[in-house]
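Close look at the chain arrangement
Chain by chain, the residues:
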Protein chains: 2
Amino acid sequence: MKAVILANGEFPSHPKPLNELLNAPLLVCCDGAIDRLENLAITPNALVGDLDSVKEHLKRKYESILYYDPDHNTNDLTKAVKWCLNHRIKNIVIVGATGKREDHTLGNIGLLCNYARMGVNVTMLTDTGMLQPLLTSTRIESYAGQQVSIFSPNNQTVIYTKNLKYPIVNQPLPELWMGTLNESLGDWFELTFSPGPLIIYQKY
Amino acid sequence: MKAVILANGEFPSHPKPLNELLNAPLLVCCDGAIDRLENLAITPNALVGDLDSVKEHLKRKYESILYYDPDHNTNDLTKAVKWCLNHRIKNIVIVGATGKREDHTLGNIGLLCNYARMGVNVTMLTDTGMLQPLLTSTRIESYAGQQVSIFSPNNQTVIYTKNLKYPIVNQPLPELWMGTLNESLGDWFELTFSPGPLIIYQKY
C-alpha cells in the first residue's frame, strides 16, 4: 500500500506532485493543508497533526478522520508519517513540503533520512524535482543531462560517484552547497558511501 | 558601502526584501534575474554571472555594466559576492535567493558561511524571514515569540543557547531538522558554539 502525504507548505502546482495527489490510493493531510483540499473538494483518508491550523468547522466536518497528535517534539509531517506506519504503510510520497518558510523546507528535507531509518520507502516531490534519502550505496535511475544535487548531512561521510559529470572521488561534502549542480551522464548514476545518509535531489 | 544582490530565485514579494531592493545604494543583479528588473524599469549597477540566462538584447542594452564570469566552480550568487569584494564592498544583503529549485535554495543558504569566511557581513532576506551565518558566538537581536531555527553544517559543533524556549545545552545538531522551530524569549538570544559555523533563521 502506498500513501501520499500532503504537507502544509506551498500547495503543489507541477503536474508530477499534483498527479500523485489526485491519484493517491490513500491520502493523508497535514493540519492546515486541509484548506486547499476543501477548496478542491478532495476528501483525504486522514487529517493528522496538532490541528492548531484547522478551522473549527473543518474539525467538525472531518471529525471521523481526525487524528489529533499534540506531541511538541515532532512536526505535523512526522506525525503523518507515524500515522502511516501505524497503519502498516511503508511506501510514502510526500508533496507540498517545501516553498513557504525556508527553515521548514530545510527541516522537512532533513527529516527524510529519519523516515528512511524508521523503515519508510519515501520520496518527496516538489514543483521542481524529486528528493530521496539513501541509507546505503545505491544505483539510481536517471537520464542523460538530468541535474542532480547530493546533500550529506553527516560531514564524515565519504562518497564515491559513478556516471556523474563532476565525479566525487572518495571525498566528504562538509557543506550544503558542495554537492549541488551535478549532472547525470546517462540512464543511471551510482553513489557508494559510508556511513551516510545522503539526500539526493533530481530535477524533473 | 552596502550592496544588495538580487539572485535568480523567486523574485521577492514580501515588503522587507522588496524595500531592500528598491532602496539599494548599490544593486548587483545575478544573470537571468535581470528580466524582472527590466520589467520594473530598475537598472542595476552591475549584471554579473556566466550570463547564460541573459537574453541577447539585454546583453546589448546593459553592455556597460556586464561582468562576465565563466567560472564553472562557482554559481552566479558567488560571482556577485566576489564582484562586491573586488569593489571593496563588504556589507551585502541577498534577496531572491530561495523559492525555486530546492537544491539551489539549500546551496545558497549553505554558501552564506563561505561568504562570511571571505570577510563579508552578509544577510539573506527571503519572503518569510532572515538568514545569517555566524562564525563566532554571538548575541542576536530578536523579539519575544520570534520563531528561530538554527542550522549547524558541521556535525561536531557543540552549541549552548540562552533565552530560547527550547534550550540547547552543549549539544551538537547533527541533522538539518534538529535546530528548527525554536522561539526567542525576549529582545535577544545568545549562541555560544565551537567550532561552527552556524546559520540562523529568524522569521519576520
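Residues numbered from 1 in each chain as written. Chains lettered and ligands numbered in written order. Predicted model: local features only at pLDDT ≥ 70, side-chain atom pairs only at ≥ 80, totals over all residues. Heavy atoms only, no water.

Concerning the packing of aromatic side chains
Residues and elements named next belong to chain A. Within the structure shown, the criterion is met by 2 aromatic pairs over all chains. Taking 5.5 Å as the distance between ring centres and 65° as the angle between the ring planes, the aromatic pair formed by Tyr67 and Trp83 counts as edge-to-face. Here Trp83 lies in helix H4 (residues 76-86) and Tyr67 lies in strand S4 (residues 66-68), a separation of 16 residues in the sequence. For Tyr67, a relative accessible area of 33% puts it in the partly exposed group. Stacked on the ring of Trp188, the Lys or Arg Arg139 has its end atom at 3.7 Å from the ring centre. (Phe/Tyr/Trp six-rings, centres within 6.5 Å; stacked < 30°, edge-to-face > 60°. Helix = DSSP H or I, 4+ residues; strand = E, 2+ residues; numbered from the N terminus. Buried < 20%, exposed > 50% of the residue type's maximum accessible area, 1.4 Å probe, protein only. Lys NZ or Arg CZ within 6 Å of the ring centre and 35° of its normal.)

Structural notes on the interface of chain B and chain A
Where interface size is given, it is often the accessible area lost as the parts come together that is meant. With 32 residues of chain B in contact, the opposing surface of chain A contributes 32 residues. Of the roughly 2900 Å² buried where chain B meets chain A, counting both sides, 60% is carbon and sulfur surface. In this assembly, chain B and chain A are joined by 2 salt bridges. For B:Glu175, the salt bridge goes to A:Arg117, with nearest N and O atoms at 3.0 Å. Linking chain B with chain A are 16 residue pairs in polar contact (both at pLDDT 80 or more), by the criterion used here. Every element with two or more residues in the side of chain B that touches chain A is listed here: helix H5 (102-117), strand S9 (147-151) and strand S14 (198-203) of chain B. Per-element accounting of the side of chain B that touches chain A gives the leading share, 11 residues, to H5(B). Partitioned by chemical class, the residues of the side of chain B that touches chain A number 11 nonpolar, 14 polar and 7 charged. (Contact = heavy atoms within 4.5 Å. Buried area = accessible area lost by both parts, 1.4 Å probe. Salt bridge = Lys/Arg side-chain N within 4 Å of Asp/Glu carboxyl O. Polar contact = N/O pair within 3.5 Å; in protein donor to acceptor, adjacent residues only side chain to side chain. Nonpolar A, V, L, I, M, F, W, Y, C, P; charged D, E, K, R; others polar.)

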